[in-house]
Amino acid sequence: MRKRVNGLLWAVLAVLWFLFTTVLLFGILSNIVNQDRQEEDRKEETNVRRNLPQTRISTTTKRMIESLLEEKTARAYKFTRYSLDVQKSRRLDAHLRKMLKTHKRPKDSYYSFNVTRSETLSVTRDVIDERPDECKKRMFNYSALPTLSVVTPLHNEALTTLLRHVHAILNRTPPKLLKDIILVDDNSTLSYLGSDFQEYLKILDSKIQIVRNTQREGLILSRLKGEVMTQGDVVVFMDAHMEVCEGWAEPLLERIKSQSAIVVQPDIAAIDGDTFSLYTGFKVKFRGGFGWDTRYSWLPLPTYHSQFRNSEWDPIPVPILQGSCIAVSKSYFHTVGRFDDGLEIWGGEHFELSFNVWMTGGRIETMPCSKVGHIFKSNKYSFGQKKDKNYIVAKNNMRVAEVWMDEYKHIVRAAVKAWQNPLPVFTDADWKSIGERKKMRRRRKSESFNWFLKNVIPEYKIPSKDDSFFGEIQNVQTKSCFFVFDDDYIGMTSKCETFVIIPENSFAFDNSGRLKYGDKCVGYDRRTYLLLITECPCKRGGKDGITWSFTNDQLVLTEKSETLCATQANSGFSIHNGKEIVQLQACDKKRKVQKWSFQFHFLYK
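Undergrad: Which residues make up unusual backbone geometry, and what are the values?
TA: In this structure, the amide linkage connecting asparagine 421 to the following residue, proline 422, adopts the cis form with an omega of 10 degrees. Along the chain, proline 422 turns up in the loop between α14 (409-419) and α15 (428-443). Of note, the phi angle at threonine 294 is positive, near 70 degrees, even though the residue is not glycine. Its place among the elements puts threonine 294 in the loop between β7 (286-290) and β8 (296-300). Of note, arginine 338 is a non-glycine position whose phi angle comes to about 55 degrees, a positive value. Structurally, arginine 338 is set in the loop between α11 (330-335) and α12 (349-359).

What follows is the structure, given as structure tokens:
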């Protein structure tokens, strides 16, 4: 009996030992497996971090990672819109009504647009987004975009348009991206822009700061003063009578993020100065350029641009900034030397920055999907007491030419001389300042202005030193211009405007009495007396005896004893029958169809 019990006991002990060793062995094996798994997970994590090929990540791990990435991406591609609570909206509305009631303002004519109409519109009005779908549906990674600051100088600006400017920026800019709005009051004298205006901004948003100049500094220095105060990665310089539209900021910021040396601008949409209507559904047809008299001009988009653009989203390279809305990273703005602080009050800074950027390795582009409204009005920007506007603008533009335009500066000087008398004079301090700007240009290893003409604006026509008049020839009465048919006869086109330059329609009148078109000249058909392009004759006194003169706005051709004038007429010949052409007819000073104007006049002496 005892032996049987002992045997049973040993059997139980044996089973217990077996179970113990099994559990122990299983634990050791599990630990080894877990360590192996942890090592594999660590390697997988390292591979993910290093972006190395992942061949052994489990399906579960992949799904988890994808889920996390999707959630993170969804957050990055969304933003919270700016909104005013009801109580704040009521306070602002009451404060605005008080301001409009208690402060007198000048008549509408003072502002050059219908301020009375503006005051009937909400300062937080909606603007219909009429951009193409490819603009509206574009997705942006907001977490990766740079932040921005807006700098807006103002002087005696209309109250409601100024408030609409500020509200639009707040309402249509992702709050996460907008760091601040810096308003630089350039010594305004109208009472509504005083403490009541400041109180309105205080109620509205703490992102808005107003800086007040104690004396007139001008647009350029006010922009520079405001830029110093900004906190954003990108600074946007804007006019005070502008209204940003939906989705205005994202295209600008995304493009700046993709390029280290670039200045961009939105596509400017005109706000009707009478009705305040704003349409954003148009396509870009022009790009900014310059006139030889330093007038800002628009140029038709060259046909070769279509070879590089696949959609309305794609940027458009532009030779010259429009100037009213300029976006640039602060770091690059400082790299190129900011605006030239030697420019006075207003004018020329957009030319200077444009030449600077292009000629020192940068780019300037328009982003068509970014729309910003602008009230185009006659320039009533005050230049202060005893400050002549034309003189200052001419001096600024001559300074830009002196620094950047090399041997072409004589053309600008001759063109300015034709409309500004006396011609601006540089002081010793001016020349010293110009010298410093030229040193900066050399340090940045700038290209020549000839390079700019050939590479940035190759379609532009260049006058010669012998030309007294140049550019498009416009009829004073009909406002139509010379153009050349395929068969070399000269017709008339309505596609010409004061501020639009169509390079292929450029003609020149030189000191030798020749009316030229490129390297050829304007003659006439001996049978019909219709003007047409011919080979150039010899200079004055040549064997053909043809001499042109431009007197009392008439283009007069003298040949032997016959004197005739260029006249816009309707062709009664088989040549371009029924079309508007240019024909030599008997001169009559009273006939306005014989009166012409050139875009540019040069006085070299």
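Now that the structure has been shown, we can carry on.
Undergrad: Tell me what's going on with the pairing of strand β14 (residues 490-493), and back it up with residues and numbers.
TA: Remark: a regular strand shows side chains that alternate across the two faces of the sheet. Here β14 shows no split at all, with Ile490 and Met492 on one side and Gly491 and Thr493 on the other all buried. Pairing of strand β13 (residues 481-484) with β14, which is carried by four bridges, proceeds in the antiparallel orientation. In the sheet register, phenylalanine 483 faces β14, and the bridge partner there is glycine 491. What sits between the antiparallel neighbours β13 and β14 is a turn of five residues, in which aspartate 488 has the positive phi angle 80 degrees.

Undergrad: Account for the packing of aromatic side chains, with residues named and values stated.
TA: Under the definition given, this model contains 31 aromatic pairs. One aromatic cluster is present, formed by Phe290, Trp292, Phe355, Tyr408, Phe449, Phe452 and Tyr460 through successive ring pairs. Over the ring of phenylalanine 282 we find lysine 371; its NZ or CZ atom is 4.1 Å from the centre of that ring.

Undergrad: Describe the pairing of β8, and please don't skip the residues or the numbers.
TA: Of the strand pairs in this sheet, β7 and β8 are connected by five bridges, and their pairing is antiparallel. Bridge pairing in β8 places arginine 287 opposite leucine 299.

Undergrad: Now, about the state of the cysteines: what can you tell me, with residues and values included?
TA: Applying the stated criterion across every chain yields a total of four disulfides. The disulfide partner of cysteine 135 is cysteine 369, and the S-S distance across this bridge is 1.9 Å. Looking down the S-S bond of the cysteine 135 and cysteine 369 bridge, the torsion is -65 degrees, so its handedness is left-handed. Here the residue cysteine 135 occupies a position in helix α6 (residues 133-136), and cysteine 369 occupies one in strand β11 (residues 363-375), the gap between them amounting to 234 residues. Among the residues examined, cysteine 369 registers a relative accessible area of 1% and is labelled buried. The disulfide partner of cysteine 481 is cysteine 496, and the S-S distance across this bridge is 2.2 Å.

Undergrad: Could you give an account of the environment of valine 115, with specific residues and numbers?
TA: Within the fold, valine 115 resides in helix α5 (residues 115-118). Under the relative-accessibility criterion, valine 115 is labelled buried at 1%. Between the C-alpha atoms of valine 115 and aspartate 274, which are 159 residues apart in sequence, the distance is 8.3 Å. Setting aside anything within four residues of it in sequence, one finds valine 115 in contact with Arg105, Asp108 and Ala158.

Undergrad: Give a detailed account of the environment of glycine 289, specifying residues and quantitative values.
TA: You can see glycine 289 is positioned in strand β7. For glycine 289, a relative accessible area of 0% puts it in the buried group. Expressed as a C-alpha distance, the spacing of glycine 289 and tyrosine 460, which sit 171 residues apart in the sequence, is 9.1 Å. In this view, glycine 289 contacts Tyr296, Ser297, Leu299, Ile320 and Phe351; residues no more than four positions away in its chain are not counted.

Undergrad: Before we move on, can you summarise the side chain of arginine 287 with the specific residues and values?
TA: Take arginine 287: it is sitting in strand β7. Arginine 287 sits in the buried class, given a relative accessible area of 2%. A polar atom in the side chain of arginine 287 sits 3.4 Å from the backbone oxygen of proline 317. Side-chain polar atoms of arginine 287 contact the backbone oxygen of valine 456, separated by 3.5 Å.

Undergrad: I'd like a rundown of the nonpolar core, residues and numbers included.
TA: Counting 65 residues, the largest nonpolar core has Leu183, Phe197, Tyr200, Met238 and Trp248 as the members making the most contacts within it. Considering each element in turn, this core owes the most residues, seven residues, to helix α7 (residues 159-172). Beyond its immediate stretch of four places on either side in the chain, tryptophan 248 contacts Leu148, Val150, Arg172, Thr173, Val236, Met238, Ser370, Lys371 and Val372. Judged by nonpolar contacts, the second largest core, of 60 residues, contains Phe237, Val263, Trp358 and Trp404.

Undergrad: Give me the lowdown on the confidence of the model for the protein chain, citing residues and values where you can.
TA: Per-residue confidence for the protein chain averages 87 on the pLDDT scale, and 84% of its residues sit at or above 70. When the criterion is pLDDT under 50, residues 43-55 qualifies, and its contacts beyond four places in sequence or with other chains add up to ten contacts.

Undergrad: Quick one: what's the story with the packing of α7 against helix α8 (residues 195-204), residue by residue and with numbers?
TA: Between α7 and α8, the least distance of the axes is 12 Å, while the angle of their chain directions is 15 degrees. Classified by the angle between their axes, α7 and α8 sit roughly parallel to one another. Every pair of crossing elements has a handedness; the one defined by α7 and α8 is right-handed. Contact with α7, carried on its side by Leu159, Leu162, Leu163, Val166, His167 and Leu170, involves Phe197, Tyr200 and Leu204 of α8 and no other residues of that element. Of the residues assigned to the contact of α7 with α8, the class counts are eight nonpolar, one polar and no charged.

Thresholds applied
Residues numbered from 1 in each chain as written. Predicted model: local features only at pLDDT ≥ 70, side-chain atom pairs only at ≥ 80, totals over all residues. Heavy atoms only, no water. Helix = DSSP H or I, 4+ residues; strand = E, 2+ residues; numbered from the N terminus. Buried < 20%, exposed > 50% of the residue type's maximum accessible area, 1.4 Å probe, protein only. Pairing = 2+ DSSP bridges. Phe/Tyr/Trp six-rings, centres within 6.5 Å; stacked < 30°, edge-to-face > 60°. Lys NZ or Arg CZ within 6 Å of the ring centre and 35° of its normal. Disulfide = S-S within 2.5 Å. Contact = heavy atoms within 4.5 Å. Polar contact = N/O pair within 3.5 Å; in protein donor to acceptor, adjacent residues only side chain to side chain. Core = buried A, V, L, I, M, F, W, Y, C linked by side-chain atoms within 4.5 Å. pLDDT = per-residue confidence, 0-100. Axes fitted to C-alpha atoms, helices over the stretch in contact; angles between N-to-C directions. Parallel < 35°, antiparallel > 145°, perpendicular 65-115°, else oblique. Left-handed = near helix turned anticlockwise from the far one by under 90°. Nonpolar A, V, L, I, M, F, W, Y, C, P; charged D, E, K, R; others polar.

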